[in-house]
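What follows is the residue order along each chain.
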Amino acid sequence: MTEPLLPGTLEMLILKTLTLGAMHGYGIAAHIQQVSRDVLQVEEGSLYPALQRIRIKGWVKAEWGQTPNNRRARYYTITAAGREQLGEEMESFGRVIDGIHRVLRTN
Amino acid sequence: MRPPTGLVSLWNRLRAVARRDALADEIAEEMRFHREMLERDLGAPSGARRFGNQTFLKEESREMWSLGSIEVWMQDVRYAVRFLRRSPVFALVAVLSLALGIGANTAVFTLIDAVLLKSLPVHDPQSLVLLQPVPTGTDTFTVFAYPYFKAIESQNTVFSGMFASAELSTVTVDAGHGTETLPSGALLVTGGYFPVLGVQPALGRLLSASDDVTPGGHPVVVLSYGYWQRAFGGDSSALGRTLDVNGAPLTVVGVTPSDFFGTQVGSSPDVYVPIMMDVALQHGESQRAETGDWWIDVMARLKPGVTREQAAAQLAVLLRRGLRVDRPSAPAQVIEAGSKAFIVVTDASRGLEALSRRFSKPLIVLGAMAALVLLIACTNLASLLVSRAAARRREIAVRLSLGAGRARLVRQLLTESALLSILGAAAGLLVAEVGDRALLGVIQTGRRALDLSLHPDGRVLAFTIAVSIVTTLLFGVVPAVTAARVDVAPALKEDSGGSGRSRGSLRLGKTLVVTQVALSVLLLFGATLFVRSLRRLESVNLGFRHDKMLIVRLNPRPIGYSGPRLAALYDQLLARTASIPGVQSAAFVSHPPFGGGSSSFNAPIEGYRSPTDEPPEVTRVIVSANYFQQLGIPLRQGRLLTGTDEGDGGWPRAVVVNETFAKKFGGETSVVGRHINLPGKPIEIVGVVGDATFNSVRREPPPVAYWLIGADSMRLAFGSLVLRTDRPLADIGTDIRSAIASVDRRLPIVAMRTFDAQIDATIANERAVALLSGFFGVLALVLAMVGLYGIMSYTVTRRTREFGVRMALGASGGHVVELVLRETLVLVAAGVLLGIPAALLAGRVGASLLYDLSPTDPLTLVVTTGLLVAVAAVAGLIPARRAAAIDPLLALRAE
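Residues numbered from 1 in each chain as written. Chains lettered and ligands numbered in written order. Predicted model: local features only at pLDDT ≥ 70, side-chain atom pairs only at ≥ 80, totals over all residues. Heavy atoms only, no water.

Engineer: Account for the overall build of chain A, naming residues and giving values.
Structural biologist: Secondary structure assignment for chain A yields four helices and three strands. Walking chain A from its N terminus toward its C terminus, one meets helices and strands in the order α-β-α-α-β-β-α. Scored against the burial criterion, the 107 residues of chain A give a buried share of 40%. In chain A, 52% of the contacts between residues at least 6 apart in sequence involve partners at least 24 apart. (Helix = DSSP H or I, 4+ residues; strand = E, 2+ residues; numbered from the N terminus. Buried < 20%, exposed > 50% of the residue type's maximum accessible area, 1.4 Å probe, protein only. Contact = heavy atoms within 4.5 Å.)

What follows is the structure in structure tokens.
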């Protein structure tokens with residue numbers, strides 16, 4: 001089952017994933033899918049554009065490296081600016097969630 | 001604090017520009033890897049399916065890296081360059097006509113800016129004002145008397161500072177390498193001049209209040225930057241050197257900055273001297289003492305917050321309450337309260353405005369003509385572009401069908417026009433440089449060269465850019481919009497020779513050409529008027545001989561000549577110069593015709609009742625006995641002057657008068673035998689000579705009384721030798737100088753030139769306008785010819801089939817030629833009909849610049865029309881011949 005994801009949220013999830021360490025695109029998508037217990041399945045059509053966007057904005061860096069199987073892949077690393085951005089986004093996301101909860105809880 | 005995201009994005013995008021292609025490959029490789037991993041984990045088919053449209057993804061990722069609109073614009077530029085490269089002749093013609101149009105406008109604007117618009121290069125020019133006295137309540141003087149200046153300076157409360165200046169035009173300087181006459185003279189200044197203007201020295205110090213205390217006690221001088229470069233090569237050792245200025249030794253204390261030219265546009269003094277040194281430099285009585293001597297220009301700086309009106313009001317109050325005027329050698333004078341005198345306070349941010357008054361009308365006319373030329377060039381280009389766009393219909397249709405938006409297409413076509421404009425503007429700046437130098441050469445003030453430096457500066461560049469933008473819009477928008485309105489399907493189907501939609505652009509092209517012809521008529525009409533007016537000015541009978549004559553203007557007063565010594569000096573000079581080989585005769589005159597000076601006196605004339613009860617004004621000219629013979633001025637009545645007519649005590653015994661005098665004061669009977677009744681000294685009129693134009697062809701000569709040099713020595717300052725010689729000036733100049741030096745080595749020669757050159761200088765304005773408008777007129781003709789040729793050529797191409805059919809049906813080649821020429825003439829006729837009323841209207845504006853010519857002169861109209869018809873014939877001939885040479889079979893087969 002796949003749920004639709006907002007682009008802003010996707011970037012936030014990617015950044016959070018990268019705080020765990022450098023990863024290539026496939027690895028990021030796999031991680032998100034796994035940790036969310038298959039709720040969030042990131043389409044490639046959304047993933048790579050999002051990666052380009054945050055790369056342009058200077059929140060991640062990209063470098064070519066070697067996979068454990070000695071295959072060439074591009075690894076993304078979060079930058080200091082990216083960490084700052086992540087902190088802000090998580091905060092505002094939290095506020096949004098609280099707000100939605102409060103509305104849903106009213107009887 | 002991290003930098004804003006927007007900036008970081010832009011920076012990353014810019015960095016990636018060079019690596020664009022490599023980037024695309026990397027993204028592709030990345031996705032391939034991802035796909036392989038998917039296939040490995042999920043199996044091949046689902047992997048591929050889940051991956052989605054690769055091409056689209058690649059494109060989208062790539063899009064993100066693009067710089068958006070900047071990239072699109074760069075692409076437009078690349079297309080534009082390609083378009084121009086494909087048609088180099090068109091590009092060259094376009095850029096050339098734009099360069100001439102924009103360059104002409106920039107050149108004229110630079111001149112207008114320098115003469116009419118730019119403020120003085122001093123501190124805060126907007127708060128500077130000029131004071132002009134109106135002592136009797138009716139006539140405004142431009143100059144002040146020194147004691148009044150001092151009084152106002154000490155008793156006003158509205159000015160933060162005041163200063164006065166006076167020009168000395170004849171100044172000789174000895175800097176250690178011999179005496180030379182300063183070409184731009186000297187300026188006497190009070191202590192406040194430099195401090196109030198707020199000028200800083202380029203070297204040393206400038207004059208200040210401490211140099212304005214004791215009469216004759218400040219032997220110092222400040223050099224202008226230009227003079228410092230010329231005389232001392234810009235060497236700082238000039239400081240402390242002694243200059244002999246008009247015989248007075250002065251120490252150099254400083255140099256003015258390079259962009260400072262004094263307070264009068266067009267005249268930049270070579271040196272500045274404290275006004276307290278006026279006696280040392282002028283060898284006469286000090287004019288500072290007299291309240292009756294009006295000779296200084298007074299300017300002031302308003303205190304912050306004070307307006308010109310407030311200042312004038314306060315000065316009026318001062319005068320009404322009675323101004324206390326100190327005079328060094330007499331008791332203080334008080335201007336009576338309630339006198340009619342007052343002072344006019346005017347804006348002086350551009351300095352003293354003699355130049356702009358003289359040149360404003362011609363400059364504006366020239367500006368209008370330059371603008372017209374640019375308009376014509378734009379119309380030309382627009383019609384050419386329209387024809388080309390019609391030829392590119394297919395290309396445009398293809399691009400439209402491939403998905404290009406019409407707006408994008410219009411923008412791209414406009415980029416082509418913009419590129420042409422930029423190239424034209426760049427070339428135009430070069431044209432303007434050359435043009436400005438030529439302009440300065442053509443415009444002179446007659447007596448002194450114009451001290452203007454025309455450098456392109458910020459305003460000029462801004463003006464050029466503005467003109468380029470307007471030009472682009474003018475000639476680019478209409479063709480671009482029309483071109484993009486192409487109907488895709490029919491355009492794709494037809495070939496280049498077809499009809500249909502192209503009819504619209506043909507009509508547009510024809511309208512443009514007709515407009516162009518109308519504008520050309522306007523320009524040509526004006527140009528022809530100015531040229532004919534100049535011819536008339538040049539051929540006016542002046543009443544005396546002026547060929548083969550040299551005028552040598554002298555000023556012996558500064559070196560101490562006066563009284564009978566002056567007469568003796570001139571006698572010697574005449575004898576010495578008459579004996580130079582090649583000189584046929586030498587005469588003397590105090591005010592030569594077109595010399596620009598005059599001197600007059602008032603005296604009652606026997607037998608004449610003046611209508612105002614004031615004694616009439618008579619102009620006086622002092623001459624040697626052979627003057628009339630030398631200039632070929634005929635004797636009408638009585639006799640000429642001889643030695644016995646000299647008087648003593650400063651006035652002659654007898655005079656000769658001109659015809660204007662005789663007519664004005666004689667009435668029915670002859671004036672010969674009557675007297676000019678100076679109190680106690682009746683002067684007999686012994687003869688009448690023919691009128692000689694005095695200072696300007698446009699004005700009647702005044703009534704003149706001539707008398708001999710021996711009689712009036714005391715009042716002479718300047719005087720001129722008139723030499724009749726066949727030898728050219730360059731040849732005989734040194735001989736004349738040595739002859740004069742042999743009489744007195746220190747005698748300054750103010751000017752030496754041919755009579756013809758002197759007269760020419762007074763019509764310099766008219767000549768400049770005629771020359772330039774003639775140039776513009778020729779330009780307009782050429783542009784009109786090119787435009788007509790373009791449109792007719794296009795017409796013939798379009799109607800190839802039609803002409804082929806006609807000839808197949810029996811029409812002769814000559815008939816076809818006639819057809820084409822007739823069409824050309826119809827276009828011209830339409831343009832002429834439009835243009836002539838406009839020309840007649842505009843002629844009214846420039847009428848005051850014309851001499852003896854009506855702005856609706858019919859001959860000029862005929863000439864203008866004739867020229868354009870001739871141009872039309874030439875322009876239409878080549879396409880006509882091409883039409884006649886069409887092979888009917890080929891034409892019919894081309895479908």
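Following the structure, the description resumes.
Engineer: Just give me the short version of the pattern of salt bridges, but keep the residues and values in it.
Structural biologist: Residue and element names in this part refer to chain B. Overall, the coordinates contain 26 salt bridges over all chains when judged by the stated rule. Of the charged contacts, one joins Glu-39 and Arg-35 as a salt bridge, the two residues approaching to 3.5 Å between their closest N and O atoms. Here the residue Glu-39 and the residue Arg-35 both occupy positions in helix α2 (residues 20–42), the gap between them amounting to four residues, near one helical turn. Arg-35 sits in the partly exposed class, given a relative accessible area of 27%. Put simply, Arg-727 and Asp-735 hold a salt bridge, and the shortest N to O gap is 3.0 Å. The exposure class of Arg-727 is partly exposed, given its relative accessible area of 22%. (Salt bridge = Lys/Arg side-chain N within 4 Å of Asp/Glu carboxyl O.)

Engineer: So what's going on with the interface of chain A and chain B? Which residues, and what values?
Structural biologist: Taken together, the contact between chain A and chain B spans 28 residues of the former and 26 residues of the latter. Summing both sides of the interface, chain A and chain B together bury roughly 2600 Å²; the carbon and sulfur share of this comes to 53%. At the boundary of chain A and chain B, one finds four salt bridges. In this structure, Glu-30 of chain B and Arg-74 of chain A form a salt bridge, with 2.9 Å as the shortest nitrogen-oxygen distance. Our count for the contact surface shared by chain A and chain B stands at eight residue pairs in polar contact (both at pLDDT 80 or more). Of the residues that constitute the side of chain A that touches chain B, the class distribution is eleven nonpolar, eight polar and nine charged. (Buried area = accessible area lost by both parts, 1.4 Å probe. Polar contact = N/O pair within 3.5 Å; in protein donor to acceptor, adjacent residues only side chain to side chain. Nonpolar A, V, L, I, M, F, W, Y, C, P; charged D, E, K, R; others polar.)

Engineer: Would you mind going over the side chain of His-591 of chain B in detail, with residue names and values included?
Structural biologist: Residue and element names in this part refer to chain B. Relative to the helices and strands, His-591 resides in the loop between β16 (583–589) and β17 (600–602). According to the relative accessible area criterion, His-591 is buried, its value standing at 18%. In terms of polar contacts, His-591 uses its side chain to reach the side chain of Ser-590, at 2.8 Å.

Engineer: Pulling in residues and values, what's your account of the confidence of the model for chain B?
Structural biologist: All names here are of chain B. When pLDDT is averaged across chain B, the result is 80; 86% of the residues are at 70 or more. Here residues 496–501 scores under 50 on pLDDT; set against residues more than four positions off or in separate chains, the count is two contacts. Interface confidence in the predicted complex, given as ipTM, is 0.85; pTM for the same model is 0.69. (pLDDT = per-residue confidence, 0-100.)

Engineer: How would you sum up helix α15 (residues 458–484) of chain B? Please name residues and give values.
Structural biologist: Residues and elements named next belong to chain B. Under the 1.5 Å per step criterion, the end-to-end length of α15 is 37 Å for 27 residues, consistent within 8% with the ideal 39 Å. The axis of α15 is deflected most strongly, by about 40°, at Gly-476, and proline Pro-479 appears within four residues downstream. Taken residue by residue, α15 has Val-460, Thr-464, Val-467, Ser-468, Thr-471, Thr-472, Phe-475, Gly-476, Pro-479, Ala-480, Ala-483 and Ala-484 as its buried positions. (Expected span 1.5 Å × (residues − 1). Bend = angle between axes of the 7 residues up to and from the residue.)

Engineer: Could you give an account of helix α18 (residues 564–578) of chain B, with specific residues and numbers?
Structural biologist: All names here are of chain B. A rise of 1.5 Å per residue sets the reference length of α18, with its 15 residues, at 21 Å; its end C-alpha atoms lie 21 Å apart and thus fit the reference within 8%. Buried residues of α18: Leu-566, Ala-567, Leu-569, Tyr-570, Leu-573, Leu-574 and Thr-577, and no others. The arc that holds the buried residues of α18, viewed along the axis, is 160°, so those residues lie on one side. Projecting away from the buried face of α18 at angles above 90 degrees are the exposed residues Pro-564 and Ala-575. Residues of α18 that are buried sit in contact with β15 (549–554), β16, β24 (719–725) and α21 (729–743). (Arc of directions from axis to C-beta.)

Engineer: Requested: an account of a positive patch on the surface, with residues and values cited.
Structural biologist: Taken together, Arg-78, Arg-82, Arg-86 and Arg-388 of chain B make up a surface patch of like positive charges. Residue placement: Arg-82 of chain B occurs in helix α5 (residues 69–86). (Patch = residues over 30% accessible without salt bridge, like charges linked within 9 Å, V, L, I, M, F, W, Y side chains within 5 Å. Areas by Shrake-Rupley, 256 points an atom, 1.4 Å probe, with all protein chains shown as cover. Lys, Arg positive; Asp, Glu negative; His and termini not counted. Charge placed at Lys NZ, Arg CZ, Asp CG, Glu CD.)

Engineer: An account of the sheet that holds strand β2 (residues 60–66) of chain A is needed here, citing residue identities and associated values.
Structural biologist: Residues and elements named next belong to chain A. With respect to topology, three strands assemble into an open sheet ordered β1-β3-β2, the strand pairing being antiparallel. Every other strand in the sheet has two partners, leaving β1 (23–24) and β2 as the edge strands with one partner each. Bridge count between β1 and strand β3 (residues 72–78): two bridges; the pairing is antiparallel. Across the sheet, residue His-24 finds its bridge partner in β3, namely Tyr-75. (Pairing = 2+ DSSP bridges.)

Engineer: Help me get a handle on the pairing of β24 of chain B, residues and values and all.
Structural biologist: Residue and element names in this part refer to chain B. With seven of seven residues buried, β24 lies mostly within the body of the structure. Along β24, one buried face is formed by Gly-719, Leu-721, Leu-723 and Thr-725 and the opposite face, lined by Ser-720, Val-722 and Arg-724, is buried too. Where β16 lies against β24, six bridges are found, and the strand directions are antiparallel. Bridge assignment links Ala-586 to a residue of β24, and that residue is Leu-723.

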